[in-house]
Amino acid sequence: RATFISALVFLLAVMGGTSPAASQSSAPTEPMCYDWGESSEGAVSVVEGEVGWLSCPLFSHPSVYNYTSTQSAGHNLFWYRLPEGHDLEQPITSRLSKDRERLFLQPAAAADTGQYICMLRNKSSCSKIAIRLKVLRPDDVVKCALPVAVAPIEDLIPLQEGKTLDCPDLQDATKMSESAPKVQWYFVCHWYPFWDSDREQKGNSLQVHLMMEQYQGLYYCRVQYQRRNQTLNFTRSINVTAILPLSLPKEPSIMNPTHDQIFTVKTGTEVRLVCRGQLPFVLDKPWREIWWTVDGKTLDKLPDRFTQINRVVRDHFRDLTIENILVIQDFQSKDLKREFYCSVKNERGFDTRRAQLEEEVSLPTVELGCGLGVTLLLMLILFVVYHVFWLELLLLYRSWFGTDERHTDDKEFDVYISYARNSEEEQFVLLTLRRVLENELGYSVCIFDRDSLPGGTITDETLSFVARSRRLLVVVSPGYASQGSQALLELKAGIDTMALAGHLRVILVQYKPVRRKGWVRELRRARVALALVRWQGDKSRELSSRFWKRLRVELPVRRDMKKSTAMLAALSVFTPENISHQQANVFISVAL
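Residues numbered from 1 in each chain as written. Predicted model: local features only at pLDDT ≥ 70, side-chain atom pairs only at ≥ 80, totals over all residues. Heavy atoms only, no water.

Looking at an unreviewed UniProt entry, one finds the protein chain named Interleukin 1 receptor accessory protein and attributed to Maylandia zebra.

1. Focus: the overall build of the protein chain
Heads up, the rule is: Secondary structure elements follow DSSP: runs of H or I no shorter than four residues count as helices, runs of E no shorter than two count as strands, and numbering proceeds from the N terminus. Residue exposure (1.4 Å probe, protein chains only): buried if accessible area is under 20% of the type maximum, exposed if over 50%, otherwise partly exposed. A 1.4 Å probe and the Shrake-Rupley method give the accessible areas. Residues count as covered only by the protein chains that appear here.
Counting its secondary structure elements, the protein chain contains 14 helices and 31 strands. The buried share of the protein chain, reckoned over its 592 residues, is 42%. Only carbon and sulfur atoms are counted for the fraction: they give 54% of the accessible area of the protein chain, which is about 33300 Å².

2. Let's talk about the state of the cysteines
Worth spelling out the cut-off: In what follows, a disulfide is any cysteine sulfur pair within 2.5 Å.
Across all of its chains, the model carries four disulfides by this definition. Two residues share a disulfide in this structure: Cys167 and Cys221, whose sulfurs sit 2.0 Å from each other. Between Cys167 and Cys221 the disulfide shows an S-S torsion of about 75°. By sign, it is right-handed. Remark: Cys221 occurs in strand S16 (residues 217–227) and Cys167 occurs in the loop between strand S11 (163–165) and helix H5 (170–176); sequence separation between them is 54 residues. Taking the relative accessible area as the measure of exposure, Cys221 reaches 0% and is therefore buried. The disulfide partner of Cys275 is Cys342, and the gap between their sulfur atoms is 1.8 Å. On the sign convention where negative is left-handed, the bridge of Cys275 and Cys342, at about -75° about the S-S bond, is left-handed. In this pair, Cys275 sits in strand S20 (residues 271–279) while Cys342 sits in strand S25 (residues 340–346), placing the two residues 67 residues apart along the sequence.

3. Notes on helix H7 (residues 423–440)
Defined as follows: Multiplying 1.5 Å by the helix residue count minus one yields the expected span of that helix. As used in this structure description, the phrase polar contact means that two N or O atoms lie within 3.5 Å; if the pair is within protein, one of them must be able to donate a hydrogen and the other to accept it, and residues adjacent in sequence are counted only when both atoms belong to side chains.
The end-to-end C-alpha separation of H7 is 24 Å, in line with the 26 Å expected for 18 residues at 1.5 Å each. The complete set of buried residues in H7 reads Glu425, Phe428, Val429, Thr432, Leu433, Val436, Leu437 and Glu438. N-capping of H7 is provided by Asn422, with a side-chain oxygen placed 3.3 Å from the backbone N of Glu424. Once H7 finishes, Gly442 follows within two positions and takes phi at roughly 80°, a positive value.

4. Describing the packing of helix H9 (residues 458–467) against helix H10 (residues 486–500)
Applied cut-off: Orientation is described by lines fitted to C-alpha atoms, with helices fitted over the stretch in contact, and by angles between N-to-C directions that extend from 0 to 180 degrees. Here is the rule for angles: anything less than 35 degrees is roughly parallel, anything more than 145 is roughly antiparallel, 65 through 115 is roughly perpendicular, and the remaining ranges are oblique. Crossing handedness is read from the near helix: turned anticlockwise from the far helix by less than a right angle, it gives a left-handed crossing, and turned clockwise, a right-handed one. Should any heavy atoms of two residues lie within 4.5 Å, those residues are considered in contact.
One can describe the packing of H9 onto H10 by two numbers: an axis separation of 10 Å at closest approach and a directional angle of 40°. Of the possible angle classes, the one that applies to H9 and H10 is oblique. Pair H9 / H10 crosses with right-handed handedness. Contacts between H9 and H10 involve Ile458, Thr459, Thr462, Leu463 and Val466 from the former and Gln486, Leu489, Glu490, Ala493, Gly494 and Thr497 from the latter.

This is the structure in structure tokens:
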């Protein structure tokens, strides 16, 4: 009967709104109904075959509408239904019952999906609001769990502690049931019992005696009750999460920056100051925050170039380690004088720490790079110069710092020349070696066949000449040092004098190539320890050739004017026009 009357009232209201004459005649008595639109709380979901209910959103704010006070003021609450795909409102069916501000579906069917309108009105005022209902099929929500359309509530249990879990909305089922409701608990694909002694069902509640980490997860409770000879049920869920024991310290602390940490910054760049804080979870008062202040001001009161980035580094049973990064764009010199503080706070305490800044000392990278490049280039040039002109450099050094042996000994000759007594070697010695050494370089040369007196003993004269000379220049050729020859005597005398007294140096000049098998024993031994200067024919005739430079390195130092003039002439090879083609090729190969 109440349903029929409410439907009749609805039809009369609709007819009155569509008839202009009726609208004018009833205007003083029929108030305009204010439409709040659809509820912003979102759709209500219920599983098909289970009990569900809709609460009128007008009473979601008791300070605006209160059910008891509205009844006292003569207001009546009406429910209408707008099925899915329909445009006209329909009255509710007998399967849906109203209790105070709620509309119960006992049970819900798939056809109940749609929009429901609750209207609160009296003779002077009218308000209405819509709420959407969505009926889900069990197959759409079951995944190794019970079908639950209502979002789970969250419950926190400290580790190593206990708590009692009560099924949500159980009191509503008690009011509607004709007998005491029954509750069955479900966890991770298993009905109670869960095969452990830490969790126990007592009556309709689930008692957790000792919370463990593995006990976290979704707990389902199915409520079953009797109404009007019909067995009804609904299912709810609780998301149980473990937190650290309440006995542990809950004061926040700053982990970074440390007391002695210094941030190195560079002006004109983006600077990032990292603050990391430990923020424990406080039960019933979970709020906590971490922030930066600059000169006592929060970032919302500073220019846009100051921003911050928050991220959770670690979540350990709701105890968070949060990192807050202060980003400063275009860091300026005046920012070094600012005070940067990082702070953390929760219900149990507060901690703050100052970030110490230090300007980075910028290295002159361009200058260092140029200096290093120039240094490497100079080293390369010096290496090339030494590789190509090492003889010239050595001669130049000897001319400046070398010691003239004429002032340190009583020798009569600078060079004693030993050679094979045949026409070709004799011509080379007399016309080439002697002429250049005496006339061009200013050395005193001793040649036995020229300087010995007639009638003397060859052996005694040879030993005397060798002993009075500073160098023994041995011209090596295929005919040199034949067994029993005078050249062999000169070679042995020179080697013995050099080995015993050390006042004589032996120089080997290879006039023509000689096979090693043709060398006598003394010559082979001397070749290992002594320098060998090779004559290369016409290529070695010029005084600036490599042959004469090598030879002058082995000869005694001269400091007289004649020698200096010859030295300068020899060193003229440093000019580009006098560099030989072979030396130029060497220079290019080394540079590459």
